[in-house]
Amino acid sequence: AAPAAPAASDDAQRPRVPAAYMRLATAVACHRDAARFALLYRALFRLTHGEPYLLELAADPDVARLRALEQAVRRDVHKLHAFVRFRRVEGEGGGERYVAWYRPDHRIVRLGAPFFERRFPSMAWSILTPDESAHWDGAELRYGPGLPRDAAPREDELEELFRTYYRAIYNPARVNLRAMRAEMPVKHWSTLPELSVMSELVRDAASRVDAMQAGRSGAASAAEAYVPGSRALPVLREAAASCQACALCERATQTVFGEGPADAALMLVGEQPGDEEDLCGRPFVGPAGRVLDEALAGAGLSRGGIYVTNAVKHFKWEPRGERRLHARPVGPEIQACRAWLQAEVEAVRPRVIVCLGATAARSFLGGRFSVTQSRGQVFKTPWAESWMATYHPAALLRMPDEAARAAARAHFQADLAQAASLLAGEEHGSR
Ligand code: URA
Ligand code: SF4
């Protein structure tokens, strides 16, 4: 809806629309509530006719309603991000494509799809929904027509559904609705809407990811409700400062967010801040940090060029006399905080990720992870071209047996050296 523009086209006289309104409207417009545009229009009119601070009046009925619609849309976007499950499909041209079917509550495909572009930049994928469908080919995000509401395929029907869709909309001639209906295996197509938008062609980019879903745990991360849409590190850091997605925030001093260059090629992921980190608000500045710095130096790496963070952002501790004793975060806490780590990965897009300890590895993979068994192995993953895990530096400090400690230190050093060589672009074997 165009703002109520005055007759004069003079810029100075044109009403100014605050950026906050634009953000709000972008979300609210995706809601299915039929009254959304009337509401948006009324708020815009009021904003530009003597109530410039309207949006700050949370108790105003229009504002309250708009915020509720916005919330519903944002929750729906989070759900899309959390619940979409891709299935690998052989592409027409011999390449492969990951395809998902999803039925969102609101019209959020365009709000939600860019997230997958950041998460899976090097694969070809499609998300099919009743409203419209999103397609990424490694270079450009495109949108095509949606599928019938009741198309909802079972997992093993998805491939066939996609092929039919593909043939119909990627046909250079024209969308052939009748052919599409005829070819569909099931009654689903009875409600096929008019495909009013002629989809652009999607090139069949061949790309591969070994660990597409690499054991991702299915549950949503509680922190998602706090993670903003932006992938600018300062924005994320500021939002994380007020995260209350799990109980760990109650006893810790502050959120300890990651730090390092936004374009770092290497990301190190620890477990959670320790006592000193909690007090000064920066990762790995205590005893474990000193072990880490020493080993990095030995591998020819320096902290300054690395993005360093933790799987869990608040210090978990138990009182022990005067001291605050480190306590291991449990699965649900790792899961709750996972959305922050994922956002950092999306912001930095490192080429190499090194998990320090099993907690970090579990944040990515879910479930259990044995550092002793799997340390030093390099995996190609959706998060980074090279992903590996090694010891946690604090574990090295704790090992009572001197020989074991020396061996573990040597392994730790060797793993970091391998990360350094991956960064330098040397060949590596996925052992
Ligand atoms: N241990 C961690 O895992 N992270 C820190 O930041 C400090 C100690
Ligand atoms: Fe949020 Fe993570 Fe802190 Fe829990 S530990 S409150 S999820 S930042």
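This report concerns the structure included in the present document. (Residues numbered from 1 in each chain as written. Chains lettered and ligands numbered in written order. Predicted model: local features only at pLDDT ≥ 70, side-chain atom pairs only at ≥ 80, totals over all residues. Heavy atoms only, no water.)

1. Observations concerning the site of ligand 2
Thinking step 1. Contacts to ligand 2 come from Cys243, Ala245, Cys246, Cys249, Val312, Lys313, His314, Ala336, Cys337 and Trp340.
Thinking step 2. For ligand 2, the cavity whose grid points lie within 2 Å of the majority of its atoms is the largest cavity.
Thinking step 3. Classifying every residue of the shell around ligand 2 gives 8 nonpolar, 1 polar and 1 charged. (Near = heavy atom within 4 Å. 1 Å grid on protein atoms, 1.4 Å probe; cavity = no way out; pocket = protein on both sides within 12 Å on 5 of 7 lines; lining within 4 Å. Sits in = over half its atoms within 2 Å of the grid points. Nonpolar A, V, L, I, M, F, W, Y, C, P; charged D, E, K, R; others polar.)

2. Here's the deal with the packing of aromatic side chains
Thinking step 1. Evaluated as defined, the whole model comprises 9 aromatic pairs.
Thinking step 2. For the pair phenylalanine 86 and phenylalanine 120, a centre-to-centre distance of 5.8 Å together with 90 degrees between the ring planes defines the contact as edge-to-face. Placement of phenylalanine 86 in the loop between helix 3 (61-83) and strand 1 (87-90) and of phenylalanine 120 in the loop between helix 4 (109-119) and strand 3 (125-128) is noted, with a sequence separation of 34 residues between them.
Thinking step 3. Since its relative accessible area comes to 9%, phenylalanine 86 is described here as buried.
Thinking step 4. Taking the relative accessible area as the measure of exposure, phenylalanine 120 reaches 3% and is therefore buried.
Thinking step 5. Ring plane angle 55 degrees and centroid distance 6.2 Å describe the contact between phenylalanine 86 and tryptophan 125, whose orientation is recorded as tilted. (Phe/Tyr/Trp six-rings, centres within 6.5 Å; stacked < 30°, edge-to-face > 60°. Helix = DSSP H or I, 4+ residues; strand = E, 2+ residues; numbered from the N terminus. Buried < 20%, exposed > 50% of the residue type's maximum accessible area, 1.4 Å probe, protein only.)

3. Section: the packing of helix 7 (residues 233-240) against helix 10 (residues 331-348)
Thinking step 1. Here helix 7 crosses helix 10 at 170 degrees, and the two axes come no closer than 10 Å. Here helix 10 runs roughly antiparallel to helix 7, going by the angle between their axes. Facing Leu233, Leu236, Ala239 and Ala240 of helix 7, the residues of helix 10 in contact are Trp340, Ala343, Glu344, Ala347 and Val348.
Thinking step 2. Residues that form the contact of helix 7 with helix 10 fall into these classes: 8 nonpolar, no polar and 1 charged. (Axes fitted to C-alpha atoms, helices over the stretch in contact; angles between N-to-C directions. Parallel < 35°, antiparallel > 145°, perpendicular 65-115°, else oblique. Contact = heavy atoms within 4.5 Å.)

4. Some remarks on the nonpolar core
Thinking step 1. Judged by nonpolar contacts, the single largest core of 63 residues is most densely connected at Leu268, Trp340, Ile353, Val354 and Phe364.
Thinking step 2. When residues in this core are grouped by element, the largest group, 9 residues, is from helix 10.
Thinking step 3. Beyond its immediate sequence surroundings of up to four residues, isoleucine 353 is in contact with Met267, Val269, Val345, Phe364, Trp383, Ala384, Ser386, Trp387 and Met388. (Core = buried A, V, L, I, M, F, W, Y, C linked by side-chain atoms within 4.5 Å.)

5. Some remarks on the sheet that holds strand 7 (residues 307-310)
Thinking step 1. Taken in spatial order, the 4 strands line up as 7-6-10-11 in an open sheet, and their pairing is parallel. Every other strand in the sheet has two partners, leaving strand 7 and strand 11 (386-390) as the edge strands with one partner each. Sheet twist, expressed as the average angle between the axes of neighbouring strands with direction ignored, equals 20 degrees.
Thinking step 2. Note that strand 10 (residues 352-356) and strand 11 share 5 bridges and pair parallel. Each bridged residue has a counterpart across the sheet, and for leucine 356 the counterpart in strand 11 is threonine 390.
Thinking step 3. Packing of helix 14 (residues 402-423) onto the sheet brings it into contact with strand 6 (266-270), strand 10 and strand 11, and relative to strand 11 it is tilted by some 170 degrees. (Pairing = 2+ DSSP bridges.)

6. Considering the side chain of histidine 135
Thinking step 1. Mapping histidine 135 onto the fold places it in strand 4 (residues 132-136).
Thinking step 2. Polar contacts involving the side chain of histidine 135 include one to the side chain of serine 126, which spans 2.8 Å. (Polar contact = N/O pair within 3.5 Å; in protein donor to acceptor, adjacent residues only side chain to side chain.)

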